[in-house]
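A closer look at the structure
The chain contents come next:
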Amino acid sequence: MLETPPETDELHERLAQVRHRIEASARRAGRDSAEIKLIAVSKTHSPEVVRQAIEAGASDLGENRVQEADEKIEVLGRESVRWHLIGHLQANKARRAVALFDVIHSLDSVSLASRLDRLCEESERDVLPVLIQVDLGNEETKAGISEAELPELIKTISACARLRLVGLMTLPPFADDPELVRPFFRRLRELRDALVAREVFGANRGELSMGMSHDYEVAIEEGATLVRVGTAIFGERQAIGRN
Ligand SMILES: *Cc1c(COP(=O)(O)O)cnc(C)c1O
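Heads up: these notes are all about the structure in this document. Here the structure is a predicted model, which means the values were calculated and not measured.

**Concerning the overall build of the protein**
Broken down by element type, the protein carries nine helices and eight strands. Projected onto the principal axes, the alpha-carbon positions of the protein cover approximately 50 × 40 × 35 Å. When the 243 residues of the protein are sorted by exposure, 49% land in the buried category. In the protein, 62% of the contacts between residues at least 6 apart in sequence involve partners at least 24 apart. When the accessible area of the protein is evaluated, it comes to approximately 11700 Å², of which 46% is carbon and sulfur surface. Here the protein contributes 33 positive and 42 negative side-chain charges, whose respective centroids are spaced 3 Å apart.

Dropping the structure here:
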């Protein structure tokens, strides 16, 4: 983390611009922008830079690695914002994740669900909100479960006393043209709608965590309620081989 922090004004400006574009996309889709939450993805950025984002009004931060988040939360505080885990969670990091994160977007296996539930019990955490990460691109290398595996994982979660299933998340295959990922966003919404009809989310509306810097506007048009935006807020990440 050897970056020089961007000027605070610049960060404010970028954040304001993203908010403005979120509102414009919502309007185009006939949606209320109040139902869309911006998650500022702060991975690879230093606590100093992240602090500027918090001061500029970021209320929700996304991190993809437990260890890195742990170091930042140590500096910035667990309660200063809501912390979202958006990257794949390894079993041996699950205990720490339960202590650190408000929401986990990347639940992707039956065994991880059972483990998280047990760890919540051990650490006396009553409720852990989770989203299931669905791999709609059928990319072998990507994290997330296939559509076919959804029912079994949902069943497992419903038997976990301390996990609350709040929605679905996806990370579509990268495409330069955001229009090419629109079908993936639409498919995730269809899956969500089918689960809402079955009252799988209880009183919850069923969150759709989808859309990143280059495609969040399309994601919002397709129903995203949680957009995960890094680069458009913090600038380019340094290529340090860890995404
Ligand atoms: C890094 C990351 C993002 C943000 O990507 P940007 O292109 O920088 O906006 C969103 N979601 C996940 C899962 C990520 O790992």
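**Some remarks on the site of the ligand**
Residues in close proximity to the ligand total twelve residues, the closest being K43, S213, G230, T231 and R237. A distance of 2.7 Å separates an oxygen atom of the ligand from a polar atom in the side chain of K43. Separating a nitrogen atom of the ligand from a side-chain N or O atom of R228 is a distance of 2.8 Å. Against a free-state accessible area of 390 Å², the protein chains account for coverage of 93% of the ligand.

**Here we look at the side chain of H105**
Here H105 shows up in strand β4 (residues 103-107). Reaching out from H105, the side chain makes a polar contact with the side chain of H84 at a distance of 2.8 Å. Among the polar contacts listed, one links the side chain of H105 to the side chain of S209, at a separation of 2.9 Å. Beyond its immediate stretch of four places on either side in the chain, H105 contacts I39, H84, L85, I86, L131, I132, Q133, M169, S209, L226 and R228.

**Considering unusual backbone geometry**
For T44, which is not a glycine, the phi torsion comes out positive at approximately 75°. For T44, the position within the fold is in the loop between β1 (37-41) and α2 (47-55). Its identity is not glycine, yet E124 carries a phi of approximately 55°, on the positive side. Structurally, E124 is set in the loop between α5 (110-122) and β5 (128-133).

**Let's talk about the pairing of strand β6 (residues 163-169)**
Each regular strand displays side chains that alternate between the two surfaces of the sheet. Burial runs high along β6: six of the seven residues are buried. Here six bridges tie β5 to β6, and the two strands are oriented parallel to one another. Across the sheet, residue L131 finds its bridge partner in β6, namely G167. As paired strands, β6 and strand β7 (residues 207-209) are joined by three bridges and run parallel to one another. The partner of M169 across the bridge, within β7, is S209. Remark: the β6/helix α7 (residues 182-197)/β7 crossover connection has right-handed handedness.

**Comments concerning the packing of α5 against helix α6 (residues 150-158)**
Running from N to C, α5 and α6 cross one another at 10°; their axes reach a closest spacing of 9 Å. Considering their axes alone, α5 and α6 lie roughly parallel with respect to each other. Residue-level inspection shows V110, A113 and S114 of α5 in contact with α6, the latter providing E152, L153, T156 and I157. Taken together, the residues of the contact of α5 with α6 sort by class into four nonpolar, two polar and one charged.

**Focus: the nonpolar core**
Formed by 66 residues in total, the largest nonpolar core has its most connected members in L89, F101, I104, L116, I132, V227 and I233. Discounting chain neighbours no more than four positions away, the residues touching I104 are L85, L89, A97, L116, L128, P129, V130 and L131. Counting residues in hydrophobic clusters, the runner-up holds six residues, among them V103, L131, M169 and L226.

**Thoughts on the packing of helix α1 (residues 8-28) against α2**
In contact at an axis separation of 9 Å, α1 and α2 are set at 55° when each is read in the N-to-C sense. As judged from the angle between their axes, α1 and α2 are oblique. Viewed along their axes, α1 and α2 form a crossing whose handedness is right-handed. Facing T8, L11 and L15 of α1, the residues of α2 in contact are V49, Q52 and A53. Taken together, the residues of the contact of α1 with α2 sort by class into four nonpolar, two polar and no charged.

**Quick notes on the environment of R14**
Residue position: R14 is located in helix α1. The spacing of R14 and C120 is 106 residues in sequence and 37 Å in space, taken between C-alpha atoms. Ignoring anything within four residues of it in the chain, the contact list for R14 reads A232, I233, F234 and G235.

What counts and how
- Residues numbered from 1 in each chain as written.
- Predicted model: local features only at pLDDT ≥ 70, side-chain atom pairs only at ≥ 80, totals over all residues.
- Heavy atoms only, no water.
- Helix = DSSP H or I, 4+ residues; strand = E, 2+ residues; numbered from the N terminus.
- Buried < 20%, exposed > 50% of the residue type's maximum accessible area, 1.4 Å probe, protein only.
- Contact = heavy atoms within 4.5 Å.
- Areas by Shrake-Rupley, 256 points an atom, 1.4 Å probe, with all protein chains shown as cover.
- Lys, Arg positive; Asp, Glu negative; His and termini not counted.
- Charge placed at Lys NZ, Arg CZ, Asp CG, Glu CD.
- Near = heavy atom within 4 Å.
- Polar contact = N/O pair within 3.5 Å; in protein donor to acceptor, adjacent residues only side chain to side chain.
- Pairing = 2+ DSSP bridges.
- Right-handed = clockwise from strand over helix to strand, strands pointing away.
- Axes fitted to C-alpha atoms, helices over the stretch in contact; angles between N-to-C directions.
- Parallel < 35°, antiparallel > 145°, perpendicular 65-115°, else oblique.
- Nonpolar A, V, L, I, M, F, W, Y, C, P; charged D, E, K, R; others polar.
- Core = buried A, V, L, I, M, F, W, Y, C linked by side-chain atoms within 4.5 Å.
- Left-handed = near helix turned anticlockwise from the far one by under 90°.

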